Amino acid sequence: MGRWIGLVLPGLPQLLRREAFKGTSVLLLWLGLLVVGLTRFDRVTAAFDGGLHDRVALLTLFIGLIGAWWWSFRDDRSHRIGRGEVPYGSGAGQGVWEAFRRNRMAVLGLGIILTLYLVMLLTPFLAPFEPELREAYQPGGDASRILNPPSVRNIMGTDQYSQDVFSRILYGARISLSIGLLAVGISVTLGGLLGAIAGYLGGRIDWVIMRAVDVVMAFPKLVLIIVIVAVFFPASLFVIVVALAFTQWPFMARMVRGEILSLKEREFTEAARALGFSRRRILFRHLLPNAVGPLTVVAALGIGNAIVLEAGLSFLGLGVQGGHTSWGKMVFEGRDFLLDEWWIATFPGLAIVLAVLAFNLVGDGLRDALDPRQGGGAGP
Amino acid sequence: MRSLVFRRTLTAIPLLLGVATLVFFALSLAPGDPATLFYPIGASPEVLDQLRRSLGLDDPLLVRYFKWLLGCLTGDFGVSLSPRYYQLPVRDVILGVLPNTLLLAGCSLFLAFVVGSLVGVFQATRQGSLIDSVLSGCTLFFYSVPSFWLAVMLGMFFSVKAEAFWGWPVFFPASGVASPGADSLSTWGQVLDRAHHLFLPCLTLTLVMAGGIARYVRTSMLEVVRQDYIRTARAKGLPESRVILKHGLRNGLIPVVTLFGAYFPILLSGTVLIEYVFTWPGMGRLMVDSVLARDYPVVLGGTFLFGAAVVVGNLLADLLYGVVDPRIRDAHG
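Residues numbered from 1 in each chain as written. Chains lettered and ligands numbered in written order. Predicted model: local features only at pLDDT ≥ 70, side-chain atom pairs only at ≥ 80, totals over all residues. Heavy atoms only, no water.

Things to note about the pattern of salt bridges
Turning to step 1, where the next piece is worked out: Under the definition given, this model contains 18 salt bridges over all chains.
Turning to step 2, where the next piece is worked out: A salt bridge links Asp364(A) to Arg367(A); its shortest N-O distance comes to 3.2 Å. Separated by three residues within a single helix, Asp364(A) and Arg367(A) lie in helix α14 (residues 343-370), roughly one turn from each other. Note on accessibility: Asp364(A) and Arg367(A) belong to one class, buried.
Turning to step 3, where the next piece is worked out: Between Arg8(B) and Asp318(B) there is a salt bridge; the shortest N-O distance is 3.1 Å. Here the residue Arg8(B) occupies a position in helix α1 (residues 2-28), and Asp318(B) occupies one in helix α13 (residues 296-324), the gap between them amounting to 310 residues.
Turning to step 4, where the next piece is worked out: Accessibility expressed as a relative area gives 21% for Arg8(B), which makes it partly exposed. (Salt bridge = Lys/Arg side-chain N within 4 Å of Asp/Glu carboxyl O. Helix = DSSP H or I, 4+ residues; strand = E, 2+ residues; numbered from the N terminus. Buried < 20%, exposed > 50% of the residue type's maximum accessible area, 1.4 Å probe, protein only.)

Shown next as structure tokens:
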């Protein structure tokens, strides 16, 4: 009986083992998804024939529900067999994870990030209204729906077109959150590769790459992005992502190069070379995996930075063109209503702060976990 | 020391060349013909040709590139294409707004370092206390907050609301550099009026930067407090204030000089948004307006100037580091 208890309710075995944090988070996740699925049952069933976003949301819901159950069961089983908490993973990475877990603020940040992305994926089920629904302008619409203060019906109020601010923030998360992730994904790959090549090969190639890094870093990021956007003016999502990645890669390259330079002198590299491994194998199998840790710190801080930059760009009217709403654009639109309708500009801004804060907390937590000697604190 | 100055200056020159090159080729990719911006659609081809010749647009790319490099040296960036500054030299357009940006950026940079260092040192001396945690929360908030949103919020409280409800004790204008009719004021009146307008933009930029600086200074001071020479200073019976101020502060603040270089680009990015929010007629606002008006010569010149400012700022930070830390100076001979 005991070993099947994980199938009764996700998180229950963990709670019975008095692992309150693990148990409650899994249980809350599962219950939350269940509540969403049940209260929005009509939308869930309609999503089967819906567009891409609807189907993604549907997939997220099912994977979340089954995944929480499955994870809880597996975790319980591996615990009973006695393989400890984490049944996989290398020694070094596990030490970092343990150190990270002890940092409460970092775990809080990670929780916020996961929640934000989950909410972003589930937006079609969560949003109370369509983002472009202008009730006051519908045939037979209610004109009093314009500029409503926060209430039970519109928890963050409505704007001058009677659109629900909360729903718009949920839909705006798509642009704001995915751009940060995409841009940093590109810059980590590109910058990490170039930095590794520069550090490992040295010589003329190193010189050329690092001068390019210096030149790009000489520009204030926002100015450089504005110029790139100006060149391709009505900017698509693709242009914005590439522009953001272009301003970020030098930071990644410089960091990875420094790591590779010091790793190159270590004994294990010497040993790999003595064994006659090819240079490519040494670089990709021995050096780069050891530089991944510090790279995650720069990446986490970089995502936060990219979200702020994108918001600033949208605020200036140079962001993604077209009907897409984004948090920066919403702050801009709310500027004209500051005297009495403060909610229009305030809540999207708070959403940006929350996302950026979470990434900064995780970045700091990772840094401390990787290098406990350094103590808590932020670089520039 | 002199050789340090010489060598660092030498490395800055190719960097400036790279900056000028990147800007030029990035904008030469821009589609569209600048000549058509000048005249309405339907202007005769002869007129457009003549304009292209006079602007030098019919030259091959490489010729234009070398002309541009020469222009960067002499400060001649061509003429503006925007109807607003009709055929005015870009240099004059930029010089017209540069003082405003320098005033805003200079005040904010200075205040941010003063406030950030004070808060950081204060936190380090009270590590682990309640006030340290509260201040850590505040600095983390200002470190993460988007500057333009903070500007909008501060504008809402200190300007829009304060103006509407006279009960508020403070009112600061949220747009422009001077009140209408400020010219008729006395000299001191004009200075006060300028300071009054400077307050909100400067406060925003200061807060945004001071958050990061305070976090850095706190870490740096905590590192210093753990050093042996601090223990020695305490062991020989010096009062705590003297230990911190004389032995701790001097070493804890050295890394702050390197931050100066790192914060220069952040400051300039910040001015772009802040000037836009507070309609402060400076470089940042000029850049945004020029991009929207497709005034490429001004964008070109402005971007080059921003890049050059960062290169020079980094150079100064490097040299300053050599001045305050003898170890660096001696290492480079």
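Having seen it, we continue.
Points about the environment of Leu16(A)
All names here are of chain A.
Turning to step 1, where the next piece is worked out: In this fold, Leu 16 is placed in helix α1 (residues 12-16).
Turning to step 2, where the next piece is worked out: Residue Leu 16 is classed as exposed on the basis of its relative accessible area, which comes to 57%.
Turning to step 3, where the next piece is worked out: Through-space distance from the C-alpha of Leu 16 to that of Ile 5 is 9.8 Å; in sequence the pair is eleven residues apart.

Remarks on a positive patch on the surface
Turning to step 1, where the next piece is worked out: On the surface, a cluster of positive charge is contributed by Lys236(B), Arg242(B), Lys246(B) and Arg250(B).
Turning to step 2, where the next piece is worked out: Mapped onto the elements, Arg250(B) comes out in helix α10 (residues 240-252). (Patch = residues over 30% accessible without salt bridge, like charges linked within 9 Å, V, L, I, M, F, W, Y side chains within 5 Å. Areas by Shrake-Rupley, 256 points an atom, 1.4 Å probe, with all protein chains shown as cover. Lys, Arg positive; Asp, Glu negative; His and termini not counted. Charge placed at Lys NZ, Arg CZ, Asp CG, Glu CD.)

So, the interface of chain B and chain A
Turning to step 1, where the next piece is worked out: With 52 residues of chain B at the interface, the matching set in chain A holds 47 residues.
Turning to step 2, where the next piece is worked out: Of all residues in chain B, Phe148(B), Trp149(B) and Tyr276(B) give up the largest surface area on contact with chain A, accounting jointly for 13% of the area buried on that side.
Turning to step 3, where the next piece is worked out: Taken together, the connections running from chain B to chain A amount to one salt bridge.
Turning to step 4, where the next piece is worked out: At the boundary of chain B and chain A, one finds six residue pairs in polar contact (both at pLDDT 80 or more).
Turning to step 5, where the next piece is worked out: Contributing elements (two or more residues each) for the side of chain B that touches chain A: α1, α6 (130-144), α7 (147-164), α8 (187-225), α11 (254-277), α12 (283-293) and α13 of chain B.
Turning to step 6, where the next piece is worked out: When residues in the side of chain B that touches chain A are grouped by element, the largest group, ten residues, is from α11(B). (Contact = heavy atoms within 4.5 Å. Buried area = accessible area lost by both parts, 1.4 Å probe. Polar contact = N/O pair within 3.5 Å; in protein donor to acceptor, adjacent residues only side chain to side chain.)

Considerations on the packing of helix α9 (residues 221-231) of chain A against α13(B)
Turning to step 1, where the next piece is worked out: It is the contact of α9(A) with α13(B), at a shortest axis distance of 10 Å, that shows an interaxial angle of 155 degrees. Our classification of the angle between α9(A) and α13(B) gives roughly antiparallel. Between α9(A) and α13(B) lies a crossing whose hand is left-handed. Counted together, Val223(A), Val227(A) and Ala230(A) of α9(A) and Tyr296(B), Val299(B), Thr303(B) and Phe306(B) of α13(B) form the full contact between these two elements. (Axes fitted to C-alpha atoms, helices over the stretch in contact; angles between N-to-C directions. Parallel < 35°, antiparallel > 145°, perpendicular 65-115°, else oblique. Left-handed = near helix turned anticlockwise from the far one by under 90°.)

Here we look at the domain arrangement of chain A
Turning to step 1, where the next piece is worked out: Domain annotation for chain A reports domain 1 (1-85) and domain 2 (165-374).
Turning to step 2, where the next piece is worked out: Centre-to-centre, using C-alpha coordinates, domain 1 of chain A lies 32 Å away from domain 2 of chain A. (Domains from an automatic or database assignment.)

Concerning the packing of aromatic side chains
Turning to step 1, where the next piece is worked out: What the rule picks out here adds up to 22 aromatic pairs over all chains.
Turning to step 2, where the next piece is worked out: Relative to Trp69(A), the ring of Trp30(A) has its centre 5.1 Å away and its plane inclined at 75 degrees; by these criteria the two rings are edge-to-face. Linking Trp30(A) in helix α2 (residues 20-39) with Trp69(A) in helix α4 (residues 52-81), this pair joins segments that are 39 residues apart in sequence.
Turning to step 3, where the next piece is worked out: Here the aromatic rings of Phe24(B) and Phe25(B) are separated by 5.1 Å at their centres, their planes lie at 85 degrees, and the arrangement is edge-to-face.
Turning to step 4, where the next piece is worked out: With a relative accessible area of 6%, Phe24(B) lands in the buried category.
Turning to step 5, where the next piece is worked out: Residue Phe25(B) is classed as partly exposed on the basis of its relative accessible area, which comes to 30%.
Turning to step 6, where the next piece is worked out: Through pairs of rings, three or more aromatic residues link up here, namely Phe24(B), Phe25(B), Tyr65(B), Phe66(B), Trp68(B), Phe77(B) and Phe304(B).
Turning to step 7, where the next piece is worked out: The positively charged end of Lys221(A) is found above the aromatic ring belonging to Phe251(A), 4.6 Å away from the centroid. (Phe/Tyr/Trp six-rings, centres within 6.5 Å; stacked < 30°, edge-to-face > 60°. Lys NZ or Arg CZ within 6 Å of the ring centre and 35° of its normal.)

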